[in-house]
Amino acid sequence: MPARISAEEAFQRLAEGLGHSGAPDFFDTLVERLARLLSADHVLLARVSEGEAATLAVWSEGRHRANLHYALAGTPCETVMERAPCLYARDVQARFPDDTLLQELGAESYLGLALSAPDGTFMGLLAVLANRPMAPSDQERELLHIAATQAGAELSRREAERALQASERHARESERRLDTLLNHLPGMAYRCLNDAAWTMLLVSRGAEALTGYPAEALTHNRRVSYAELIHPDDQQLVDDAVQQAIARGEPFQMVYRLQTADGRLRWMWEQGQAVLDAEGRVECLEGFITDVTEQQEAQRVQQAVMQVASTVTSRIGDDYFHQLVDTLTRLLEADAGFVALLEAPGDAPAASARPAEARLSLVSAQADGRRLSRADLPLAGTPCARLLDEQEIMVHDGAAPSLPGFPAATRAWIGRRLDNARGEPIGVIVLLYRQPLEADAFATSVLRILSTGAAAELERRSDHRRMRQLAYTDGTTGLPNRIRFMEDLSHQRRAAEREQTPLALLLLDIRRFKEINDIHGHQVGDRLLAALAERLQHALGPHERLARLSNDEFALLVPRASAARLEECLERMRRTAGQPITLGHRRFALAVSIGTARYPADAVTSEELFKFASIALYHAKQQADGTCPFDAAMTRDLQRRQLMTERLQLAIGDGRLTLHYQPKIDLASGRLVGAEALCRWHDEEWGWVSPGEFIALAEARGLIRPLGDWVLAEAARQLAAWRREGVSLPGRLSINVSAQQFADPNLARHIAELTRHTPSSSIDLELTETDVMRDAEQAIDITHSLRRAGYTLSIDDFGTGYSSLAYLHRFAADTLKIDLSFVRKMLDGPQDRAIVETIIAMARSLGMRTVAEGVETREQALELARLGCDQAQGYYFGRPLPADAFAATWGEAMATVSG
């Protein structure tokens, strides 16, 4: 450092070189002066932001150097704190070995001070470096402090100036964009007073396109006030909307009509808000207005068409036209209207008729809200004759058709020609008015859209009855079909609501009808349905309606259905359906399942009534008497079944099922001769689910194939696992095959793929008697292919189905399984014992073994052995067990076989 001088003298020297604040070279001059005053080798000023320094000026060894950026981390600059100088008097490179700048400058010592804005905000640093040790005096520290303060103030001023300039640039750009936006939008931006005239203070150039007046004409009401342009009928509505929005402190928004400079009426959409002064008074209104005529008209036309369509769509024939004319006259505020068919003399086509010959045959006509009688009117001499040449006519004020029964003083009318699919005229639709019409395309747009449907309906009138028959009648039985029935159900439900009387819905399903179709063919099935429908039709009570909904499902509506009448109807239907029907040499005894639901006790809408009756029918099919009224608990049961279906599907896919194994015992020796694989399901939430529930559900919901495939694959895997463990099941493992699986002609190959890890000689396949008899000839082929593949076959639940002895000896079955229902009762009565004895004898005569199911007592086992039954299974011999438990329980018998 140089010889000591006074602070005033040092600052004077410093100030002499700086000039005034704001000079472009302020920072360069400052670092140079400091270096000379302090005899420093290096001086730098830097702006600091986010851990980085950007130098504003650098003086090094007698000259200015280019500015640079460097990271503060690992440098002495990092330790500079706000307001407190930071001094490293010697060995600064050793203390900061990673600072390459120190090494480049050859600095030995470092003194740093913070640069702060006038409000104390840290902005940067002033650093003095020497290539020798440094020991600054108090005077030199004061000089540096003064220089840092001035540099901080100058840096703050420059940044404020830049921010101001940027703000001004942004404001100018925003103003330019706003001006561009306001004057190029397809609408009008405005500022106006909240007075009666809506005096415009500012209007964008879009005003002329919107109103026909230039912006200058509207500003300060020079030629016209904007309020004058609003349609008189809308002025009060607009003012109310604005004032109410101001009172609520909210923006306003409305749609209204505006009369433009050329006299046209246009629809405007406006949105704006009040601008308040400091005292909360309305200073002015600001907003934006745009023309929405096309959208408004399109919306009005759409709403009108939808309104008409909603009232006439479901109607046919004359009723369609009555409703169409009635709705159009009200919607379009006409005093009269009609739809007429154009007719030519004799059999000539209407399209070829000349006006002098043609006549109008009124299909529907209305005047002053009352329907007029049908009539034939001459076309000649009326303005309607022009419609033969012109597709559409609108007379705003002039001659109107003079027709009998219509108002005589009509001054305006709208007409539209109705053409067929070939573009030929077949009729007209006309609306008449007593008052002149304004220039408005709304009415003609509505007629233009609806005329196509009206013309098509005219074409359909001639063959309407045939179309109705095809659309609403079941071709097999002649009864109303599902579409017609659902309409009747809706009408009857509404009538019941009006009359406050109960309504019952019965759904009838023919039991085992699919078997009849499968065995005897669909032609016989259709004849049977027609015969049953005729009987049921003759058995109907007063006002009852019968329909066929689907293949074997019928529906019956019973109005005023008291409990007694409903019960009488149910008995009548069961009795009628239960009478045998003879077709040729065949005699069929039918039974029906009937589900019922009532309005309003069970349901309040027609949809709910049908849904609940369907649920009741499902439950009726499970019950012995075949009849079931709806109960709310059934919905919960249906929901459980749906949830169970989803969870079962996941359980099959994720392998969450298990197999349990029930032993089969030779009745003569008491030895283990096989086992039956039984599927079990333990759900995380429900616990053990009954096989009787989930297997039946799998059959009903289409999951029985994947479930059956899983059982086959898992059973084969377990047999292979036992063999690897040194044990083996004596005899064969019985596995159930469902009817849906059994219907597969390639069943043998499919089972072989699923059980490829175990020989076919270890598997016995069980088929229920009913499943085998669904298609006896196909069953014979499949059972023979299974035998050739090495599997043995057992007919399960024998005695409960409808086996034909003529077929039984042709099946390649090895075993008959006696159903447990006979085994349980065989000791209680001679009839069941005789059935068991007969089955055993019949099996022996056919060379087949017998297995008794459900053996629970020693007495049953002894009696079965005495009657000659070969094998048995049931709780008396052992309950179904998991694989490990089964092997542990029967390990000795299995080990013996293995050895």
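Given the structure is predicted, the values throughout are model-derived calculations rather than measurements.

Trainee: Whenever I open this one, the overall build of the protein confuses me. Can you help?
Mentor: Broken down by element type, the protein carries 31 helices and 36 strands. Across the 899 residues that make up the protein, the buried fraction comes to 47%. For the protein, the share of sequence-separated contacts (at least 6 apart) that also reach a separation of at least 24 residues comes to 60%. Accessible surface, the protein: about 44500 Å² in total, of which carbon and sulfur atoms supply 50%.

Trainee: Can you help me understand the pattern of salt bridges in this one?
Mentor: Working definition: two side chains of opposite charge can pair if their charged atoms are close together. If you walk through the whole model with that rule in mind, you get 50 salt bridges. The partner of Glu424 in a salt bridge is Arg422, with the nearest N and O atoms 3.4 Å apart. A residue is classified by how much of its surface remains accessible, and Glu424, at 30% relative accessible area, is partly exposed. With relative accessibility at 61%, the residue Arg422 sits in the exposed group. Among the charged side chains, a salt-bridge network with shared partners connects Lys664, Glu676, Glu766, Lys817 and Glu853.

Trainee: Is there a simple way to think about the packing of helix H19 (residues 632-654) against helix H20 (residues 691-700) in this case?
Mentor: The geometry of a pair of packed helices is captured by two quantities: the angle between their axes and the separation between those axes. Look at H19 against H20: their axes get within 10 Å of each other, and the N-to-C directions meet at 85°. Between H19 and H20, the interaxial angle falls into the category roughly perpendicular. Between H19 and H20, the residues in contact are Arg640, Arg641, Met644, Thr645 and Leu648 and Glu693, Phe694, Leu697, Ala698 and Ala700, respectively. Taken together, the residues that form the contact of H19 with H20 break down as 6 nonpolar, 1 polar and 3 charged.

Trainee: Teacher, can you tell me more about the sheet that holds strand S8 (residues 188-192) here?
Mentor: Note: strands within a sheet are paired through backbone hydrogen bonds, in either parallel or antiparallel orientation. Read from one edge of the open sheet, 5 strands run S9-S8-S12-S11-S10, paired in antiparallel fashion. One side of each edge strand has no neighbouring strand; the edge strands of this open sheet are strand S9 (200-203) and strand S10 (252-259). In this sheet, adjacent strand axes meet at a mean angle of 30° when their direction is disregarded. Note: S8 against strand S12 (residues 282-291), 5 bridges, orientation antiparallel. Across the sheet, residue Cys192 finds its bridge partner in S12, namely Leu285.

Trainee: For this particular structure, what's the right way to read the nonpolar core?
Mentor: Within soluble globular proteins, side chains that are nonpolar tend to cluster in buried spots. Grouped together as the largest cluster of nonpolar side chains are 73 residues, with contacts concentrated most on Leu657, Trp722, Leu733, Leu765, Leu786, Leu864 and Phe886. Among the elements that make up this core, the one with the highest residue count is helix H21 (residues 704-724) (8 residues). Ignoring anything within four residues of it in the chain, the contact list for Leu733 reads Tyr661, Ala675, Glu676, Ala677, Ala715, Leu719, Ser762, Ile763 and Asp764.

Trainee: Would you mind showing me how to read the sheet that holds strand S22 (residues 553-559) here?
Mentor: Strand order in the open sheet formed by 5 strands is S21-S22-S20-S25-S26, with mixed pairing between adjacent strands. Two strands in the sheet have a free side with no partner beyond their single neighbour: strand S21 (545-548) and strand S26 (627-629). Each adjacent strand pair in this sheet contributes to an overall mean axis angle of 15°, direction not counted. Relative to strand S25 (residues 592-599), strand S20 (residues 503-510) is paired through 8 bridges, and the arrangement is antiparallel. If you follow Asp509 over to S25, its bridge partner there is Ser593. The strands that helix H14 (residues 482-499) touches are S20, S21, S22 and S25; relative to S22, the one it contacts most, it runs at about 20°.

Trainee: What am I meant to see in the packing of aromatic side chains here?
Mentor: Within a pair of aromatic rings, the relevant descriptors are the distance that separates the centres and the angle that separates the planes. The final tally for this structure, using the stated rule, is 12 aromatic pairs. Between Arg640 and the ring centre of Trp686, over which it is positioned, the NZ or CZ distance is 4.6 Å.

Calculation notes
- Residues numbered from 1 in each chain as written.
- Predicted model: local features only at pLDDT ≥ 70, side-chain atom pairs only at ≥ 80, totals over all residues.
- Heavy atoms only, no water.
- Helix = DSSP H or I, 4+ residues; strand = E, 2+ residues; numbered from the N terminus.
- Buried < 20%, exposed > 50% of the residue type's maximum accessible area, 1.4 Å probe, protein only.
- Contact = heavy atoms within 4.5 Å.
- Areas by Shrake-Rupley, 256 points an atom, 1.4 Å probe, with all protein chains shown as cover.
- Salt bridge = Lys/Arg side-chain N within 4 Å of Asp/Glu carboxyl O.
- Axes fitted to C-alpha atoms, helices over the stretch in contact; angles between N-to-C directions.
- Parallel < 35°, antiparallel > 145°, perpendicular 65-115°, else oblique.
- Nonpolar A, V, L, I, M, F, W, Y, C, P; charged D, E, K, R; others polar.
- Pairing = 2+ DSSP bridges.
- Core = buried A, V, L, I, M, F, W, Y, C linked by side-chain atoms within 4.5 Å.
- Phe/Tyr/Trp six-rings, centres within 6.5 Å; stacked < 30°, edge-to-face > 60°.
- Lys NZ or Arg CZ within 6 Å of the ring centre and 35° of its normal.

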